[in-house]
Structure formats: C-alpha cells, structure tokens
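Notes for the structure review
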Amino acid sequence: MDNLKNVEYGLEKIFEGAQDFLPLLGTDYVEFYVGNAKQAAHYYKTAFGFQSLAYAGLETGIRDRASYVLKQDKIRLVLTTALNSESPIGEHVKKHGDGVKVIALWVDDATKAFEETTKRGATPFMQPTVEEDEHGRVVRAGIYTYGETVHMFVERKEYKGIFLPGYQEWRSDYNPSPVGLKFIDHMVGNVGWGEMNQWVKWYEDVMGFVNFLTFDDKQIHTEYSALMSKVMANGNGRIKFPINEPAEGKKKSQIEEYLDFYEGPGCQHIAVATDNIIETVTQLRARGVEFLSAPPQAYYDEIPQRVGAIKEDLEVLQKLGILIDCDEDGYLLQIFTKPVEDRPTLFYEIIQRMGAKGFGAGNFKALFESIEREQERRGTL
Ligand code: FE2
C-alpha cells in the first residue's frame, strides 16, 4: 500500500493529537431535507432495509414539516420535508435537491459543546435548546460546517423516549427486513476549489479533530480527473470526516460535478459498516440498489498479489462488484452506490473492515474510472 506508507495514523496517534474540549460519543442521527419524505422513507425501508422508528408531522401537532425517523442497528436517519412554500426546508431542497442537512453528534453536554465550538469560531445554527416531553428532556444545539450543512450536538442522557421530544413511535404494517447495516463508518464532505485546507483547519481549531490521513492529487487521479482529500478524526476515532476538494485534470473532477449540481459544498457520501458485505450487497442488489460498475477482470487478477490472502471467495466478490484493499493492519471490502437522487450528488458506500483502518486508497483509480463512466453518460465529464 504505497499510498499509505508515508502517512501516520492509528488510534493512539489520533488521541494524542486531538483536543478533549469536545468529547463525542458517536453519530446520533443524520437528517436529510428532501422533496417528499413519505416516499423517501419508503425507499430507505424497501431498498436499504431501514426500520420505521418515529414520526413527527401534522398528526403530532407539527404544522410546518413532516419527519420520518428510520433505524438500522446503530444508524438513525431522519427524512424531513416542508409542508408549505415559506419553509427554509423547502428553500434548501430547491437549491440543493435532496441532501444531508444535519450530521448530529451525540454528546454529554450540548451547551458546553456549543460554547466551546462557537468560542473557537463556529457559526451558530441553533442556540442550546431544551426539548421535553413525558419521557424526559433533550438538549440540542447546532453549528454550521461546510456549505449549509450543520453539526447538531445532542445531549440525551435524561431521555427515555423513542427518538426526540415531539416524535411519536411510527408503527407500520410494512417492515422489510434489515440488510445488515451496522453503523456509520465515515461521512465525506465535498468543498470548493482550494477550500480543503481551510476546512481541515476548521475541524482542527473548532472541533479539536486531527488530520489522520492525506491523499493528494498525485495519489487520487485517473487519466482525466483528480481530487485531493484529507481525513479528519475526533479524539476517540469514532467520528471520521474526510474532506475532498477538486483538483485540475484534463476533464471535470467528480467533485466539481457534485459542487455544480448540489450548488455548493455538502455531504458527498455516507459509508456504512456491515460485518457481512457479501450478504448485505446481495440483498441490496436484489432490492434494486444500483451500484457503480465493477472494475475490469485485471483488477481481480491482481488482488492475490496486491492484497494477499482474504477469507472471502474472490469470485463472489467479483460477481457482486465488491472492491478490496489493504493496509498494514489488515484488509477491507467496499462498494459504492450510484447517486441516490437524480442530481449526481449523495451516494452510499458499504464497507466491511477486516482490520484495515484506511479508506480504500488502492481502489481510488478503479473507483474513479467507474465514476467517470457514469459522468460520461451524464455528459458531465
Ligand atoms: Fe468513503
């Protein structure tokens, strides 16, 4: 793994460099602003195996929006849509299309998280706010990160309800089975030309994160296009946010395509972990999830030499289009969906880590060539 050789990483390293003014317990939820939350919820249940969890809308006394909360193991997604033309949610969808609005982080003290980050330069989105119902109290506070994307701090140690105050349990007669998605491994942000280092510094200064891996355009390029990426992680390594910016190439970078269609910076992909990628991807394909095309035969022919021995049957991985990479700690298996909306913006990664801590740098070339085949078809390369 030449790409990783010169980069220092490892959990102890992260912990040493990171600041402890913002202890994060994990990802609390991811909220999308969408054009039609009812239909999007159906898609996430049917295609990705998420389970109905909670609902807020007209029936629960909320007049301006409807939100559907879905769950699979530790992952919670919230799909929110506007109920009138005045709503900032509708404005967000008009500009960006369906996309990630909130990456919520679970904390012990949301007020302190807000104070520490705004003191260090974060732009407030929501002042610390207490919400209560018969199940207890939750404190939430939010700050802006790249573009119009928000980090919401969620303090729920005094809450026993299904999700948040104001939500009621969503019982459905339609409950497709889960597909084995476990937790969010990382979430990637795309930022504008030359803005990557500014956001790296923001995550260092404001959030106390450390830069734990770096890929430059010499490592991430194809014949046609390039990008640069730095991976930011918090002190306990549970939260990992790679930040991408486009780089000059002969043709248009996939990051530039994203920025054009999202009309600004935003979340590019959500990587979700499974402990059986063969089973998970078999299920997802059967349910209609579309993946990027598999790399050519030569890619799989090189695996024994490049990666070494793996437990899985290489033929099965090839049939499903799953990519394989390794670093000094082990290997990983990963695959990428096509964008899940009509604008070529947000997509998903399914990842199974067999010890490896990297992000599949050895697959970047094969992956980006596959993305470029899609860009070619969209006329955006
Ligand atoms: Fe990724």
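With that settled, the discussion passes to the coordination of the iron ion. Protein coordination at the iron ion comes from His186 (NE2), His269 (NE2) and Glu349 (OE), with a distance range of 2.0 to 2.2 Å. Within one chain, the residues serving as donors to the iron ion are arranged as H-x82-H-x79-E. Taken as a pair, His186 in strand S10 (residues 183-190) and Glu349 in strand S17 (residues 347-354) lie far apart in primary sequence, 163 residues in all. When sorted by exposure, His186 lands in the same class as Glu349, which is buried.

On to the domain arrangement of the protein. It is common to give the size of an interface as the accessible area that goes away when the parts come together. When its domains are assigned, the protein resolves into domain 1 (7-16 + 180-378) and domain 2 (26-169). Each of domain 1 and domain 2 has a C-alpha centre, and these two points are 25 Å apart. Taken together, the contacts link 36 residues of domain 1 with 40 residues of domain 2. The tally of links from domain 1 across to domain 2 stands at two salt bridges. Lys182 is paired through a salt bridge with Asp73; the nearest N and O atoms lie 3.6 Å apart. The interface formed by domain 1 and domain 2 holds eleven residue pairs in polar contact (both at pLDDT 80 or more) in total. Looking at the side of domain 1 that touches domain 2, the elements with two or more residues in it are S10, helix H6 (196-207), strand S13 (240-247), helix H7 (254-262) and strand S14 (266-273).

A separate point is the sheet that holds strand S1 (residues 26-33). Strand order in the open sheet formed by nine strands is S6-S7-S8-S5-S1-S4-S3-S2-S9, with mixed pairing between adjacent strands. In this open sheet, the two strands that pair with only one neighbour each are strand S6 (124-133) and strand S9 (168-169). Strand direction decides the pairing type here: S1 and strand S4 (residues 75-82), joined by four bridges, are parallel. Considered in S4, the bridge of Tyr33 is made with Thr80. On top of the sheet, helix H4 (residues 88-96) reaches S1, strand S3 (65-72), S4 and strand S5 (99-107); it is set at about 100° to S4, its chief contact.

What follows deals with the pairing of strand S2 (residues 51-56). Within S2, five of the six residues are buried, which leaves the element mostly enclosed by the surrounding structure. Two elements, S2 and S3, share five bridges in a ladder whose sense is antiparallel. Paired with Gln51 across the two strands is Lys71, which belongs to S3. Both S2 and S9 contribute to a ladder of two bridges, which runs antiparallel. Counted as the bridge partner of Tyr55 is Gln168 from S9.

Turning our attention to the pattern of salt bridges. Per the stated rule, a full pass over the model turns up 21 salt bridges. Measuring nitrogen to oxygen at the nearest pair gives 2.8 Å for the salt bridge that ties Asp28 to Arg156. Taken as a pair, Asp28 in strand S1 and Arg156 in strand S8 (residues 150-159) lie far apart in primary sequence, 128 residues in all. Both residues of the pair, Asp28 and Arg156, count as buried. As a salt-bridge pair, Arg353 and Asp185 come within 2.8 Å of each other at their nearest N and O atoms.

This paragraph deals with the packing of aromatic side chains. Tallied over the full model, the rule gives 24 aromatic pairs. Between Tyr44 and Tyr348, the aromatic rings sit 6.0 Å apart at their centres with planes inclined by 70°, giving edge-to-face as the arrangement. Pair noted here: Tyr44 is in helix H3 (residues 37-46) and Tyr348 is in strand S17, with a separation of 304 residues, a long-range link. Of the two residues, Tyr44 and Tyr348, neither departs from the other in class, the shared state being buried. Arranged with centres 6.2 Å apart and planes meeting at 70°, the rings of Phe336 and Phe347 form a pair that is edge-to-face. Within this pair, whereas Phe336 is found in strand S16 (residues 330-336), its partner Phe347 is found in strand S17, the two being separated by eleven residues in sequence. Overall, the relative accessible area of 5% leaves Phe336 in the buried class. One aromatic cluster is present, formed by Phe32, Tyr43, Tyr44, Phe48, Phe50 and Tyr348 through successive ring pairs.

In this section: helix H5 (residues 110-119). Those residues of H5 that sit buried are Ala110, Ala113, Phe114, Glu116 and Thr117. The elements touched by buried residues of H5 are S5, S6, strand S7 (136-144), S8 and H6. Measuring from the side-chain oxygen of the N-cap residue of H5 to the backbone nitrogen of Thr111 gives 3.2 Å; that N-cap residue is Asp109. Positive backbone phi, approximately 115°, marks Gly121, located one or two places after H5.

Cut-off values and rules
- Residues numbered from 1 in each chain as written.
- Predicted model: local features only at pLDDT ≥ 70, side-chain atom pairs only at ≥ 80, totals over all residues.
- Heavy atoms only, no water.
- Donors = N, O, S within 2.8 Å, 3.2 Å for Na, K, Ca; no water.
- Helix = DSSP H or I, 4+ residues; strand = E, 2+ residues; numbered from the N terminus.
- Buried < 20%, exposed > 50% of the residue type's maximum accessible area, 1.4 Å probe, protein only.
- Domains from an automatic or database assignment.
- Contact = heavy atoms within 4.5 Å.
- Salt bridge = Lys/Arg side-chain N within 4 Å of Asp/Glu carboxyl O.
- Polar contact = N/O pair within 3.5 Å; in protein donor to acceptor, adjacent residues only side chain to side chain.
- Pairing = 2+ DSSP bridges.
- Axes fitted to C-alpha atoms, helices over the stretch in contact; angles between N-to-C directions.
- Phe/Tyr/Trp six-rings, centres within 6.5 Å; stacked < 30°, edge-to-face > 60°.

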